[in-house]
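Structural characterization, general
Here is how the chains run, residue by residue.
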Amino acid sequence: MPVDETQRPKGPTGWIASLTYKSVATAAPRASDLDLLAGKARARNRSLDVTGMLLFEKGCFLQTLEGPPKAVAELWSSIERDGRHNHIEVLSEHMTAARVFSDWNLLLDGRFADMPREAAAPPAIPPAVAGHLARLVELALNADDLAINTMIAGFAEQGWTSEAILSLLIEPAGRALGDAWLDDRCSELDLTIGLSMLQLAGHAIRYSPSAQSIRNSRYSILLATAPGEKHMLGTALLADQFLAQGWQVDMAFPESEEALTNQLNAQHPDAVDIGLSDAMPRQHAIDQLRSTIEHSRLVVSEHPTVVSVGGRLFAEATATARTVGADHARKGLAGTSVRLAELVRQTRKA
Ligand SMILES: Cc1cc2nc3c(=O)[nH]c(=O)nc-3n(C[C@H](O)[C@H](O)[C@H](O)COP(=O)(O)O)c2cc1C
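Scoring rules and cut-offs
- Residues numbered from 1 in each chain as written.
- Predicted model: local features only at pLDDT ≥ 70, side-chain atom pairs only at ≥ 80, totals over all residues.
- Heavy atoms only, no water.
- Axes fitted to C-alpha atoms, helices over the stretch in contact; angles between N-to-C directions.
- Helix = DSSP H or I, 4+ residues; strand = E, 2+ residues; numbered from the N terminus.
- Parallel < 35°, antiparallel > 145°, perpendicular 65-115°, else oblique.
- Left-handed = near helix turned anticlockwise from the far one by under 90°.
- Contact = heavy atoms within 4.5 Å.
- Nonpolar A, V, L, I, M, F, W, Y, C, P; charged D, E, K, R; others polar.

In the annotation of an unreviewed UniProt entry, the protein chain is listed under the name BLUF domain-containing protein and assigned to Erythrobacter fulvus.

Shown next, in the form of structure tokens:
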């Protein structure tokens, strides 16, 4: 059953749930049983936008599920009731900014040589990369995030694309950690910390090289204070962030709603961020902001603009994007350009 689209985080920058558990098979599954399980699981996971891995070895399962929190919860309620396994133990369950796995794979320990694996097979690792992979696994097991980041940055500098780093290093390293745990070469704690380290590295590599692609796509944003708002620190700080990420940035400190809508009409930016004070609660400003956003959308109706809002009101969750009719409400400044780039990308695709 597909998830409700309105509940799905908007693209890969939305926070996702990650759940890793181990369990014991109640009866020794035949190759055909595992094949059937994998085929059905893949189809359902895809429809739910869930990625991850399932390892089976020595009668034990180890599975990681990553995806929209609602989807992972829905799957989990099926899996934990499944009579094909018991002694289920959740090893880690947390929210994360990035996936380790780009798809969903079932990996077996080789005892089922007759199993058709084409669909599930991960990409072959070129011999030249194997040494780097082993080093990355070692660093992840030692929870050495500094060395992991240095290593990944080195590959990026040598011209490796982020796709190659993800598919040839980070993702296989995630599976290698699972293997290490199944073979008793590391503890559960090592496994879960190692996976988190890879998630962080995956996040860095997915989003850092994005500046060039945003520059090439000429994303533009109008950073504005809410009409009449005197506190402009947040808006000024955002400008640095968006400029560093390659956006074309304009700023506005309009005195009236009309001044803001005029500017939007003249510029038609891909996104507009309207900031209330980061210091004062501005509770009374909600209705006014809703009206401003409504009018802003009217003037740019030919050229859909992503509308983001911010300020203490949103940081403290007194109001949400929906309250004022925006597409995005920032809780803080960090990561705003990444989230808005994703929203603009989706708007352009639609
Ligand atoms: C170890 C194990 C892992 C499983 N992993 C998945 C999975 O990732 N995705 C999935 O759709 N079903 C998975 N299943 C099957 C589900 O438990 C369940 O049978 C299936 O999703 C159908 O759900 P329903 O019984 O609620 O209709 C797994 C089963 C086992 C025993």
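1. Digging into the packing of helix α3 (residues 127-141) against helix α5 (residues 162-182)
The packing of two helices is summarised by the inter-axis angle and the distance between the axes. In contact at an axis separation of 9 Å, α3 and α5 are set at 55° when each is read in the N-to-C sense. One finds that α3 runs oblique with respect to α5. Crossing geometry of α3 relative to α5 is assigned as right-handed. Residues V129, H132, L133, L136, V137, A140 and L141 of α3 form the contact with α5, whose own contacting residues are L168, L169, I170, P172, A173, A176 and L177. Its residues assigned to classes, the contact of α3 with α5 shows 13 nonpolar, one polar and no charged.

2. Here's the deal with the packing of helix α4 (residues 145-157) against α5
Two elements in contact, α4 and α5, have axes separated by 11 Å at closest approach and are oriented at 145°. For the element pair α4 and α5, the recorded crossing hand is right-handed. Only I165, L169 and I170 of α5 make contact with α4, whose side of the interface consists of I152, F155 and A156. Partitioned by chemical class, the residues of the contact of α4 with α5 number six nonpolar, no polar and no charged.

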